[in-house]
Amino acid sequence: MGGRILVPTVSTEQMKAIERSMAETYGIDPLQAMENAGRSLATLAQRMLDGDVADRSIVVLAGRGPNGGGGLAAARHLINWGAWVQIVCSHPPDRYQGAAARQLRILQAMGAPLAWAEEGWELPPADLLIDALIGYGLRGAPRGPSRDLIRLANSSAAPILSLDAPSGVDTASGKVFEPHLQATSTLTLALPKDGFRQPEAARACGALYLADVGVPPALYAQLGIDVPPLFGRSPIVALIVEDGQIWAEK
């Protein structure tokens, strides 16, 4: 049957509560959710490259937080699938912590091509650019290396796939800062964010998708969020933003 399903959105505070409860109540390690995010991101990248990443050139921009960790996990999957991946980290290795640092160490052990953002650096040509610089926690305009990488990415001719939100978009208010990334597609995680209902933020997202990262339905119920079954057919769902609401096709 056709039709649409209304998809609830979440605030920054709700998203923090979801991640905290996953770890503390359900014992789901942040690395598990990060792996789910990374594999889904790599899968959507594969779709954007006509179903085959072998010998395709992909640049991954990875911040030092959980969003960057998801990008690093995606980079590993894409390398394993035969892509030519160049990973550009926003900060030196000793600035990465927690699960993101573990993802970085795995790539280092693999001998993956890693580079560190430096002044005057240019991005190499690519078939696809993955933005995993800043997640839902952005407050204020991007600064430092992330700002510089956003500007470089916007000057690239490659299509851009953003993880969770285009870097430079405030997911709480929907405000779009300068600089920000204009994504071709965005893969948001768990549930879409409140700010995506705003027209300017929706435009920055490009085609919007939602990925299952393993949040138990009971957790949503405990937080008073009514979430219909969304992933019965696929762990990645296309979303439609229309008149301030977000919908998924049945």
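How each quantity is defined
- Residues numbered from 1 in each chain as written.
- Predicted model: local features only at pLDDT ≥ 70, side-chain atom pairs only at ≥ 80, totals over all residues.
- Heavy atoms only, no water.
- Helix = DSSP H or I, 4+ residues; strand = E, 2+ residues; numbered from the N terminus.
- Rg over C-alpha atoms; globule rule 2.2 N^0.38 Å.
- Buried < 20%, exposed > 50% of the residue type's maximum accessible area, 1.4 Å probe, protein only.
- Contact = heavy atoms within 4.5 Å.
- Areas by Shrake-Rupley, 256 points an atom, 1.4 Å probe, with all protein chains shown as cover.
- Expected span 1.5 Å × (residues − 1).
- Pairing = 2+ DSSP bridges.
- Axes fitted to C-alpha atoms, helices over the stretch in contact; angles between N-to-C directions.

A separate point is the overall build of the chain. When its secondary structure is counted, the chain shows 7 helices and 10 strands. For a compact globule of 250 residues, the expected C-alpha radius of gyration is about 18 Å, and the chain comes in at 17 Å, within 12% of that figure. Across its three principal directions, the C-alpha atoms of the chain cover 45 × 35 × 35 Å. Within the chain, the fraction of its 250 residues that count as buried is 50%. A separation threshold of at least 6 residues defines the contact pool for the chain, and within that pool the share at least 24 residues apart is 75%. Carbon and sulfur atoms make up 50% of the accessible area of the chain, which amounts to about 11,200 Å² in all.

To continue, consider helix α4 (residues 98-110). An ideal rise of 1.5 Å per residue puts 18 Å on 13 residues; α4 measures up with 19 Å between its terminal C-alpha atoms. Of the residues making up α4, those classed as buried are A99, A100, A101, Q103, L104 and L107. Packed against the buried residues of α4 are α2 (30-48), α3 (66-80), β3 (84-89) and β4 (114-116). Within two residues after α4, G111 carries a phi angle of roughly 75°, on the positive side.

Attention now goes to unusual backbone geometry. Negative phi characterises most residues that are not glycine, and trans characterises most peptide bonds. The linkage connecting E178 with the following residue, P179, adopts the cis geometry, with an omega of -5°. Here P179 lies in the loop between β6 (160-163) and β7 (185-189). Even without being glycine, A190 reaches a positive phi, approximately 70°. Along the chain, A190 turns up in the loop between β7 and α6 (199-205). Located in the positive-phi region is D243, a residue other than glycine, with phi close to 55°. Within the secondary structure layout, D243 lies in the loop between β9 (236-242) and β10 (245-249).

For the rest of this paragraph, the subject is α3. In this model, α3 (15 residues) spans 21 Å end to end at C-alpha, consistent with the 21 Å of a helix rising 1.5 Å per residue. Among all positions of α3, only N67, G68, G69, G70, G71, L72, A73, A74, A75, R76, H77 and L78 are buried. Tucked inside the fold, the buried residues of α3 contact α2, β2 (57-62), β3, α4, β5 (128-132) and β6.

Moving on, we get to the sheet that holds strand β8 (residues 207-211). The sheet built from 10 strands is open, its strands ordered β1-β10-β9-β8-β7-β6-β5-β2-β3-β4 with mixed pairing. The open sheet is flanked by β1 (4-6) and β4, the only strands paired with a single partner. Adjacent strand axes in the sheet meet at a mean angle of 30°, parallel and antiparallel pairs treated alike. Two elements, β9 and β10, share 4 bridges in a ladder whose sense is antiparallel. Note on β10: the bridge partner recorded for E242 is Q245. The sheet strands contacting α2 are β5, β6, β7, β8 and β9, and the helix crosses β6 at an angle near 165°.

Along the chain, N67 turns up in helix α3. Residue N67 is classed as buried on the basis of its relative accessible area, which comes to 11%. In this structure N67 touches D131, A132, L133, I134, G135, L163 and D164, once residues within four positions along its chain are discounted.

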